[in-house]
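# Analysis of the macromolecular model
Here is what each chain is made of, one letter per residue.
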Amino acid sequence: AKHEARGRALVFTDRDAENLSRVRRMEHALLTADLDKEIHILLQPQFDIALNRTTGFEVLARWRSPILGDVSPVEFIPLAERMGVISKITQAVLRKALSVSARLPKTVRLSVNLSAQDLGSTTAMEAIAKLVQEAGKPCRIDFEITETAVMGDIARAHEGLLALLALGSRIALDDFGTGHSSLTHVQKLPLDRIKVDRSFVNEVTSDPTSRAIIKTTLDLCRNLGISCVFEGIETEQQLDALLGLGGTVMQGYLFGRPMSEDKAVEHLKGEGAG
Ligand code: C2E
Ligand code: CA
Ligand code: CA
Ligand code: CA
């Protein structure tokens, strides 16, 4: 059986050929894309239980390619990183987020995801800071970073983040608890919040280890005086469990799917906050 498995891995199948040509076509479509036109954003509510309102939205990129149709960020973000065009996408996303934020109440913030190449590049971080600065005050744009994103050069990442903090942005450490996020970064980076990964929320009702990790993370945040956000809440049971452990800021399908700008405005009006 071992021999067979090894043999199979070496055979280049039709399926492999198909995937390869899809990647090639995607690379081509990405390199020739008019990003300002083809990239758009959806907004997913972040609900604060203590304040009983939506205090912000995560900004999620979508790509509608005239060649390929809709491509998931799970596919095109890593590809854009490999091809060195992610910073263009980040900036397109940020420009859109800034224009949306002008339509939202001043108490509502938007969180934009940064990638490794943004944090590792002084030029990219300066371009991001410039966009935030030009949008004027009060600043309502926050950023999410992952460990993979800071692994390259933590000192440079730190410097770029301080510039954003100085402009009034807050920094969240995303996907906390996964291999991509760890205590070194909590220690070394100027963070305002931690986002607990969906995998822990998924298991909060069934797995004592996940509950223990969540409890410890909430303690950590409390002791550091930073906030803790939970992502991927889908059921009332998960919400109840998180509330029981002391969680307050929630993001997930239970509170709202990623939605268009117009829907986000309506969503806030429905709460009486708009
Ligand atoms: P992420 O930063 O962890 O974003 C959360 C993902 O979880 C989003 O997927 C969101 O739609 C999904 N999600 C939210 N609530 C639920 C839920 O209750 N259940 C389930 N099953 N899923 C939920 P999405 O939009 O497909 O994005 C996937 C990933 O792509 C993001 O993960 C992020 O890493 C990356 N991404 C998206 N937009 C951007 C961007 O503008 N820049 C960068 N660098 N990365 C981005
Ligand atoms: Ca994120
Ligand atoms: Ca996340
Ligand atoms: Ca995640």
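For the structure itself, consult the block above.
Owing to the predicted nature of the structure, the values given are computational and were not obtained by experimental measurement. (Residues numbered from 1 in each chain as written. Chains lettered and ligands numbered in written order. Predicted model: local features only at pLDDT ≥ 70, side-chain atom pairs only at ≥ 80, totals over all residues. Heavy atoms only, no water.)

## Quick look at helix 4 (residues 73–82)
The criterion, for reference: Throughout this description, buried means an accessible area under 20% of the type-specific maximum (1.4 Å probe, protein chains only), exposed means over 50%, and partly exposed covers the range between. Helix and strand assignments follow DSSP, with helices taken as H or I runs no shorter than four residues and strands as E runs no shorter than two, numbered in order from the N terminus. Working definition: the arc comes from the directions between the helix axis and the C-beta atoms, pointing outward to the latter. Here, two residues are considered to be in contact whenever any of their heavy atoms come within 4.5 Å of each other. A 3.5 Å cut-off defines polar contacts: any pair of N or O atoms within that distance qualifies, except that in protein one atom must be a possible hydrogen donor and the other a possible acceptor, and neighbouring residues in sequence count only when both atoms are side-chain atoms.
When helix 4 is considered as a whole, its buried residues turn out to be Phe76, Leu79 and Ala80. An end-on view of helix 4 places all buried positions within 100 degrees of arc, on one side of the element. For helix 4, exposure combined with an orientation more than 90 degrees from the buried face picks out Val74 and Arg82. For helix 4, the secondary structure elements touched by its buried residues are helix 2 (14–31), strand 1 (39–48), strand 2 (53–65), strand 3 (69–71) and helix 5 (86–101). Here helix 4 starts with a cap whose side-chain oxygen sits 3.0 Å from the backbone nitrogen of Val74, and that cap is Ser72. Of the residues flanking the end of helix 4, it is Gly84, one or two places downstream, whose phi is positive at about 75 degrees.

## Some remarks on the site of ligand 1
The line we're drawing: Near is defined per residue: the residue qualifies when any heavy atom it owns lies within 4 Å of the molecule or strand. Surface accessibility in these figures is a Shrake-Rupley result with a 1.4 Å probe; residues are shielded only by whichever protein chains are displayed. Put plainly, a pocket is an open set of points on a 1 Å grid over the protein atoms alone with protein on both sides within 12 Å along at least five of seven lines, a cavity is a set where a 1.4 Å probe fits but cannot get out, and a lining residue has an atom within 4 Å of a point. Occupancy of a cavity or pocket is assigned to a molecule whenever over half of its atoms lie within 2 Å of that pocket's grid points.
Taken together, 21 residues surround ligand 1, and among them Gln44, Ala61, Arg62, Glu234 and Tyr253 come closest. Asn113 places a polar side-chain atom, nitrogen or oxygen, 3.5 Å from an oxygen atom of ligand 1. Within the contact set of ligand 1, a nitrogen atom lies 3.2 Å away from a side-chain nitrogen or oxygen of Arg198. Surface burial for ligand 1 is 83%, taken as the share of its 790 Å² of free accessible area covered by protein chains. When each cavity is represented as a set of grid points, ligand 1 is found to reside in the largest pocket. Residue contributions to the shell around ligand 1 peak at 4 residues, all from strand 2.

## Comments concerning the coordination of the calcium ion (ligand 4)
Cut-off, in case you're wondering: Coordination here is defined by N, O and S atoms within 2.8 Å of the metal (3.2 Å for Na, K and Ca), and since water is not considered, a site can look incomplete.
Around the calcium ion (ligand 4), the donor atoms from the protein are Asp175 (OD), Asp197 (OD) and Glu231 (OE), and they sit 2.4 to 2.5 Å away. Here the donor residues for the calcium ion (ligand 4) map to a single chain with the spacing D-x21-D-x33-E. Between the calcium ion (ligand 4) and the calcium ion (ligand 3) the interatomic distance amounts to 3.2 Å, and Asp175 serves as a bridging ligand to the pair. Residue Asp175 is located in strand 6 (residues 171–176), and its partner Asp197 is located in the loop between strand 7 (193–196) and helix 11 (198–202); the two are separated by 22 residues in the primary sequence. For Asp197, a relative accessible area of 11% corresponds to the buried category.

## Things to note about the environment of Gln237
Within the element layout of this structure, Gln237 appears in helix 13 (residues 236–245). With relative accessibility at 52%, the residue Gln237 sits in the exposed group. The sequence separation of Gln237 and Arg211 amounts to 26 residues, and the corresponding C-alpha distance is 13 Å.

## Things to note about the state of the cysteines
What counts here: The disulfide criterion used throughout: a pair of cysteine sulfur atoms within 2.5 Å.
Enumeration according to the criterion identifies 0 disulfides in this entry. Cys228 takes part in no disulfide bond, and the closest cysteine sulfur, belonging to Cys221, lies 4.0 Å away.

## A closer look at the pairing of strand 6
Looking along a regular strand, one sees side chains alternate from face to face of the sheet. For clarity, the threshold we go by: What makes two strands pair is DSSP finding at least two bridges between them.
For strand 6, a buried count of 5 out of 6 residues is recorded, marking the element as mostly surrounded by other parts of the structure. Of the pairings in the sheet, the one linking strand 5 (residues 141–145) to strand 6 comprises 3 bridges and is parallel in character. Directly across from Glu144, in strand 6, lies its bridge partner Ala172. Two strands pair when backbone bridges link them, and strand 6 and strand 7 are joined in this way by 3 bridges, in the parallel orientation. By the bridge assignment for strand 7, Phe176 is matched with Val196.

## Side note on the packing of aromatic side chains
What describes a pair of aromatic rings is the distance from one ring centre to the other and the angle between the planes of the rings. For clarity, the threshold we go by: The rule is short: rings of Phe, Tyr and Trp, with Trp giving its six-membered ring, pair when the centres are within 6.5 Å, and they are stacked under 30 degrees, edge-to-face over 60, tilted in between.
On inspection of all chains with the given rule, the structure shows 2 aromatic pairs. A centroid spacing of 5.5 Å and a plane angle of 20 degrees characterise the contact between Phe47 and Phe255, whose relative ring orientation is stacked. One end of the pair, Phe47, is in strand 1; the other, Phe255, is in the loop between strand 9 (249–251) and helix 14 (261–271), and 208 residues separate them in sequence. The exposure class of Phe255 is buried, given its relative accessible area of 16%. With 5.8 Å between their ring centres and 75 degrees between their planes, Trp63 and Phe76 make a pair best called edge-to-face. With a gap of 13 residues between them, Trp63 in strand 2 and Phe76 in helix 4 connect regions that are remote in the sequence.

## So, the coordination of the calcium ion (ligand 3)
Those protein atoms acting as donors to the calcium ion (ligand 3) are Asp174 (OD), Asp174 (OD), Asp175 (OD), Glu231 (OE) and Glu231 (OE), and they sit at 2.2 to 3.1 Å. Read in sequence order, the donor residues coordinating the calcium ion (ligand 3) give the pattern D-D-x55-E.

## Section: the pattern of salt bridges
We count it as follows: By salt bridge we mean one thing: a side-chain nitrogen of Lys or Arg within 4 Å of a carboxyl oxygen of Asp or Glu.
On inspection of all chains with the given rule, the structure shows 13 salt bridges. Residue Arg24 is joined to Glu27 by a salt bridge in which the shortest nitrogen-to-oxygen separation is 3.4 Å. In this pair, Arg24 and Glu27 are both assigned in helix 2, 3 residues apart and thus about one turn of the helix distant. Between Asp219 and Arg222 there is a salt bridge, and its shortest N-O distance comes to 2.9 Å. Here Arg222 and Asp219 lie together in helix 12 (residues 208–224), a separation of 3 residues that amounts to about one turn. Members of the salt-bridge network, linked through shared partners, are Glu58, Glu144 and Lys195.

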